[in-house]
Amino acid sequence: GVRIGRYVFIGSGALILPGVEIGDGALISAKAVVERNVAPFSLLTRSGKEIKKGARHLDRINLNKLNDPKLENWYEEWQGE
């Protein structure tokens, strides 16, 4: 079977092959073919290239802009850090 983590976005027409695990918060591009496991909070492009920073990197940029300690604490708890 396929294991899909929490808060995962899978684009339209993506194909996920049997036995693949997709980590929490991952983003799968439309029409991507997912042949191997995808790390949490990474982005898989249509060509199958995995970008490790993905959503987590963008989250950190936005959290730094907001400069809200309560939001930072919530995010770290949600991430399990």
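Above this note sits the structure.
Residues numbered from 1 in each chain as written. Predicted model: local features only at pLDDT ≥ 70, side-chain atom pairs only at ≥ 80, totals over all residues. Heavy atoms only, no water.

Visitor: So what about the overall build of the protein? Which residues, and what values?
Guide: Check the secondary structure of the protein and you find two helices and eight strands. Listing every helix and strand of the protein by position from the N terminus yields β-β-β-β-β-β-β-β-α-α. Counting every position in the protein, which comprises 81 residues, the buried fraction comes to 28%. Put simply, 6% of the contacts in the protein that link residues at least 6 apart link residues at least 24 apart. Summed over all atoms, the accessible surface of the protein reaches about 5500 Å², with 55% contributed by carbon and sulfur. (Helix = DSSP H or I, 4+ residues; strand = E, 2+ residues; numbered from the N terminus. Buried < 20%, exposed > 50% of the residue type's maximum accessible area, 1.4 Å probe, protein only. Contact = heavy atoms within 4.5 Å. Areas by Shrake-Rupley, 256 points an atom, 1.4 Å probe, with all protein chains shown as cover.)

Visitor: Residue-level account of the nonpolar core, with values.
Guide: By size, the foremost hydrophobic cluster in this structure holds eight residues: V20, I22, A26, I28, A32, V34, V38 and L44. With residues up to four places along the chain from it excluded, the contact list for I22 reads R3, I4, G5, V8, I16, I28 and V38. (Core = buried A, V, L, I, M, F, W, Y, C linked by side-chain atoms within 4.5 Å.)

Visitor: Talk me through empty space enclosed by the protein; I want residue IDs and the actual numbers.
Guide: Summed over all chains, the structure comprises one cavity of 30 Å³ or more. A volume near 40 Å³ is recorded for the largest cavity. Partitioned by chemical class, the residues of the lining of the largest cavity number four nonpolar, two polar and three charged. (1 Å grid on protein atoms, 1.4 Å probe; cavity = no way out; pocket = protein on both sides within 12 Å on 5 of 7 lines; lining within 4 Å. Points joined across faces, edges and corners; volume = space filled by probe spheres on them. Nonpolar A, V, L, I, M, F, W, Y, C, P; charged D, E, K, R; others polar.)

Visitor: Got a sec to walk through the sheet that holds strand β5 (residues 27-28)? Specific residues and values, please.
Guide: The sheet built from four strands is open, its strands ordered β2-β5-β7-β8 with mixed pairing. Among the strands making up the open sheet, the edge pair consists of β2 (9-10) and β8 (50-51). (Pairing = 2+ DSSP bridges.)

Visitor: Report on a nonpolar patch on the surface, specifying residues and quantitative values.
Guide: A cluster of nonpolar side chains, contributed by V2, I4 and I10, occupies part of the molecular surface with about 210 Å² of accessible area. Relative to the assigned elements, I4 resides in strand β1 (residues 3-4). (Patch = residues over 30% accessible without salt bridge, like charges linked within 9 Å, V, L, I, M, F, W, Y side chains within 5 Å. Salt bridge = Lys/Arg side-chain N within 4 Å of Asp/Glu carboxyl O.)

Visitor: Please provide a residue-by-residue account of the environment of T45, values included.
Guide: With respect to the secondary-structure elements, T45 resides in the loop between β7 (43-44) and β8. Ignoring anything within four residues of it in the chain, the contact list for T45 reads S29, A32 and I51. A distance of 3.0 Å separates the side chain of T45 from the side chain of S47, its partner in a polar contact. (Polar contact = N/O pair within 3.5 Å; in protein donor to acceptor, adjacent residues only side chain to side chain.)

Visitor: Which residues make up unusual backbone geometry, and what values go with them?
Guide: We note that Y7 has phi near 60°; this positive angle belongs to a residue other than glycine. Structurally, Y7 is set in the loop between β1 and β2. The exposure class of Y7 is exposed, given its relative accessible area of 54%.

Visitor: Tell me about the environment of L71, and please be specific about residues and values.
Guide: For L71, the position within the fold is in helix α2 (residues 69-79). Non-local contacts of L71, meaning those with residues more than four positions away in its chain, are made with L63 and L66.

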